[in-house]
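If you want the building blocks of each chain, they are given just below.
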Amino acid sequence: MKALEGEIDIDLVSIPPGSFIMGMPTGFEPQWSDVETIHQVNISRGFQIGRTEVTQKQFRAVMGWNPSLFAGCLDCPVENVNWYDAKEFCRLLTQRQLLEGKIPEGAFYRLPTESEWEYACRAGTTTIFFFGDAKE
């Protein structure tokens, strides 16, 4: 395991199981494909998700480097991260926090599914956007 710098704590929010409507009405935005048709999604198991984006400081503490194009603001979200780096961040964070006794045996960090992400972001809203149905 790499030598890691600094403390790393991820503030997690518990998201309960539930259902929501995912997708866009046909013709609402022509650039969206049929994959975005409206359908009900059931989240059968609760999960936890970070309250905020992973910061540059957190990413650097776990990975040992900062890929951000807008580096220098360590409390800003890390960006310019590909899926493989995000998966590796989760793996190394899990390994580190298991060794430090911060998470129980069997627990692990992972990326949310697309459905989990939208469910968490919607926070119970039923409109097309979190702020309502109007495009503008």
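Residues numbered from 1 in each chain as written. Predicted model: local features only at pLDDT ≥ 70, side-chain atom pairs only at ≥ 80, totals over all residues. Heavy atoms only, no water.

1. Structural notes on the state of the cysteines
- Applying the stated criterion across every chain, the model contains one disulfide.
- Across a sulfur-sulfur distance of 2.0 Å, C73 and C76 are joined as a disulfide pair. Across the S-S bond linking C73 and C76, the dihedral sits near 70 degrees, which makes this disulfide right-handed. (Disulfide = S-S within 2.5 Å.)

2. Observations regarding unusual backbone geometry
- Its identity is not glycine, yet N80 carries a phi of approximately 70 degrees, on the positive side.
- Within the secondary structure, N80 sits in the loop between α1 (56-63) and α2 (83-99).
- Assessed through its relative accessible area of 47%, N80 is described here as partly exposed.
- In this structure, A123 is a non-glycine residue whose phi angle is positive, near 50 degrees.
- Relative to the elements of secondary structure, A123 occurs in the segment after α3 (114-122).
- According to the relative accessible area criterion, A123 is exposed, its value standing at 64%. (Helix = DSSP H or I, 4+ residues; strand = E, 2+ residues; numbered from the N terminus. Buried < 20%, exposed > 50% of the residue type's maximum accessible area, 1.4 Å probe, protein only.)

3. Comments concerning the environment of V54
- With respect to the element layout, V54 can be found in the loop between β4 (47-50) and α1.
- Residue V54 is classed as partly exposed on the basis of its relative accessible area, which comes to 26%.
- Not counting the four nearest positions on each side in its chain, V54 is found in contact with F59, C76, P77, V78 and F89. (Contact = heavy atoms within 4.5 Å.)

4. As for the nonpolar core
- Residues I8, F59, V62, M63, V78, F89, C90, L92, L93, I103 and Y109 constitute the largest nonpolar core, which totals 11 residues.
- Of all the secondary-structure elements, those providing two or more residues to this core are α1 and α2.
- Among the elements that line this core, the one with the most residues is α2, at four residues.
- Residues contacting C90, with those up to four places away along its chain left out, are Y109, R110 and L111.
- Counting residues in each nonpolar core, the second largest holds nine residues, with I15, F20, I49 and A120 among its members. (Core = buried A, V, L, I, M, F, W, Y, C linked by side-chain atoms within 4.5 Å.)

5. Structural notes on a nonpolar patch on the surface
- Taken together, the side chains of W83, Y84 and L111 present a nonpolar region at the surface, about 370 Å² in accessible area.
- Relative to the elements of secondary structure, Y84 occurs in helix α2.
- Residue class for Y84 comes out exposed when judged on its relative accessible area of 61%. (Patch = residues over 30% accessible without salt bridge, like charges linked within 9 Å, V, L, I, M, F, W, Y side chains within 5 Å. Areas by Shrake-Rupley, 256 points an atom, 1.4 Å probe, with all protein chains shown as cover. Salt bridge = Lys/Arg side-chain N within 4 Å of Asp/Glu carboxyl O.)

6. Some thoughts on α2
- Compared with the 24 Å implied by 1.5 Å per residue over 17 residues, the 25 Å span of α2 between its first and last C-alpha is a close match.
- Those residues of α2 that fall on the buried side of the exposure criterion are D85, A86, F89, C90, L92, L93, T94, R96 and Q97.
- Buried residues belonging to α2 abut α1.
- Two or three places before Y84, at the start of α2, stands the capping residue N82, its side-chain oxygen 3.0 Å from that residue's backbone nitrogen.
- Trailing α2 by a residue or two, G101 shows a phi angle of about 70 degrees, which is positive. (Expected span 1.5 Å × (residues − 1). Polar contact = N/O pair within 3.5 Å; in protein donor to acceptor, adjacent residues only side chain to side chain.)

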